[in-house]
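Chains, contacts and geometry: an overview
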Amino acid sequence: MPLTLNLRICSLASLAVMLVASVAAQPNKPAAAKDASEAGEPLVISPHYLRMLHPNALALLAKQVKSGGGDRAQLERLAGPSFAAKLLGADLSLVQVPEKRGKQTAKLALGANLLRSLQLPTQLSPEDYAPKQLDYEKMVPDVIQSGNVYVTSPIEGTVTVSVVATGSTKSTAPFYYTQMQSYTGVVKNGQYVVDQTTAAPTMPIKSGQMFTILMQFGADVGVYTADLHVNCSGPSGSWSAVVPMKLNSSHANDYSVQMVGYNPHVAAFPGRPFNVSFTVKPVNFRKPFFVFVKAPTSNGLAESTDPVATQFYVKSNAQMTVTIPCTCASNAKIQDFVDFTQMLVADNNRSSVVFT
């Protein structure tokens, strides 16, 4: 979960002190956060930010937890459960709190040197990547779908990805590696700030840094399997992970719904809820399936945030009427007409549009 810090008191020393509430420190601004701090805005960060830039602060808090004077829940929130467990299992006897204001007396070096000195495990744990497999059981021939694998590297090094075919087809053609993207750990406007992006199968990574691997899938009729191999090698060791992938492509999966009749025309008032109702008919119905209604906020109009209220179940080939609860923002402008586009996405990712 992202955290919010006031950058005007956030330096390497002061962050450590803020975490353990022990002593004050000189408020030097981190270079990575300069723009936000000069604007007087808080910095929203993830645990990856602290692992990359302030591992000694987390080590100080872990030392207090081990001695019975710290809050383990706070450590897990700041460091993440997996890294917190590694810190608590390490020898932290050399980690020290600064004794005087403006003076650093910690004996361990920063960043990767600190982590190597603590001799933390370098293996990738199950909590460090997701999903554990990529299954696309409802693919339609010649339709491309995308999937991401999210990884947090426990060490500094170079990441390499490759696709290895398995099963009877022995073909990697249906599985396309697209790119890798790493993140700074800072969150802006609800999105992780990108550090670097590459289409190459290799990328340098920092200890504690999160990155994503973007894959694309598509093939003719058939069942295909392959493994995504992810490896990292660096000064302090190496790790590897294997993510099984499966693609089942069939014309039987080419089902969806379409709206019939006139487009809905509703009246919405600022600050008031309203409903959008429409009739749909199944297309190529073979067995029951779910449909998810997705609509971006438009001119103050938005769907219900309840995921159950924005999906429906198609049980037969008969037409059905669907009602979706929506809201109109209290600050929405009064207008004669506003387009509110809703996507009807079946559970095989086939979609159609309803214009309201």
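Heads up: the structure comes first, above all this text.
Residues numbered from 1 in each chain as written. Predicted model: local features only at pLDDT ≥ 70, side-chain atom pairs only at ≥ 80, totals over all residues. Heavy atoms only, no water.

**Concerning the overall build of the chain**
Just so we agree on the cut-off: The secondary structure listing takes helices from DSSP runs of H or I that are at least 4 residues long and strands from runs of E that are at least 2 residues long, numbered from the N terminus. Working definition: with a 1.4 Å probe on protein chains only, accessible area under 20% of the residue-type maximum means buried, over 50% means exposed, and in between means partly exposed. Method for areas: the Shrake-Rupley scheme with a 1.4 Å probe, in which residue coverage is limited to the protein chains shown.
When helices and strands are tallied, the chain shows seven helices and 20 strands. Burial statistics for the chain: of 356 residues in total, 42% are counted as buried. Element-wise, carbon and sulfur atoms account for 51% of the exposed surface of the chain, whose accessible area totals about 18,000 Å².

**Overview of the layout of surface pockets**
Rules: A pocket here means an open set of points on a 1 Å grid, computed over the protein atoms alone, that has protein on both sides within 12 Å along at least five of seven lines. A cavity is instead a set of points where a 1.4 Å probe fits but cannot get out; residues with an atom within 4 Å of a point line either one. Grid points are joined across faces, edges and corners, and a volume is the space filled by probe spheres set on the points.
Of the pockets and cavities examined, the second largest pocket occupies roughly 330 Å³. Along the walls of the second largest pocket sit 20 residues, with His48, Gly80, Pro81, Glu127 and Thr152 positioned nearest its centre.

**So, the packing of helix α4 (residues 55-66) against helix α5 (residues 72-79)**
Keep this limit in mind: Angles shown run from 0 to 180 degrees and are taken between the N-to-C directions of axes, each axis being a line fitted to C-alpha atoms and, for helices, limited to the stretch in contact. Here roughly perpendicular refers to angles of 65 to 115 degrees, roughly parallel to angles under 35, roughly antiparallel to angles over 145, and oblique to all remaining angles. Crossing handedness is defined as follows: a turn of the near helix away from the far one that is anticlockwise and smaller than a right angle gives a left-handed crossing, while the clockwise case is right-handed. The contact criterion used throughout is that any non-hydrogen atoms of two residues lie within 4.5 Å. Three classes are used: nonpolar for Ala, Val, Leu, Ile, Met, Phe, Trp, Tyr, Cys and Pro, charged for Asp, Glu, Lys and Arg, and polar for all others, with Gly counted as polar.
In the contact formed by α4 and α5, the axes pass within 9 Å of each other and the chain directions differ by 160°. Here α5 runs roughly antiparallel to α4, going by the angle between their axes. In this structure, α4 crosses over α5, and the sense of that crossing is left-handed. In this structure, α4 uses Leu58, Leu61, Ala62 and Val65 to contact α5, whose residues at the interface are Arg72, Gln74, Leu75, Leu78 and Ala79. For the contact of α4 with α5, a count of residues per class yields seven nonpolar, one polar and one charged.

**Description of the packing of aromatic side chains**
Keep this limit in mind: Here is the rule: rings of Phe, Tyr and Trp (six-membered ring for Trp) pair when centre to centre is within 6.5 Å. Planes less than 30 degrees apart are stacked, more than 60 are edge-to-face, and the remainder are tilted. Only when the NZ atom of a Lys or the CZ atom of an Arg is both within 6 Å of the ring centre and within 35 degrees of the ring normal do we say a charge sits over the ring.
Summed over the entire model, instances satisfying the criterion amount to seven aromatic pairs. For the ring pair Phe290 and Phe292, a centre distance of 6.4 Å and an interplane angle of 25° mean the geometry is stacked. Residue Phe290 is classed as partly exposed on the basis of its relative accessible area, which comes to 35%. Phe292 sits in the partly exposed class, given a relative accessible area of 31%. Taken together through their ring pairs, the aromatic side chains of Tyr136, Phe175 and Phe217 make up a single cluster. The residue whose ring lies beneath Lys132 is Tyr129, and the NZ or CZ to ring-centre distance is 4.8 Å.

**Here's the deal with the pairing of strand β20 (residues 351-355)**
For a regular strand, side chains alternate in direction, first toward one face of the sheet and then toward the other. Put simply, the test is: At least two bridges found by DSSP between two strands is the condition for calling them paired.
The side-chain alternation of β20 yields one buried face, formed by Ser352 and Val354, and one unburied face, formed by Ser351, Val353 and Phe355. Pairing between strand β19 (residues 341-346) and β20: five bridges, direction antiparallel. Bridge assignment links Leu344 to a residue of β20, and that residue is Ser352.

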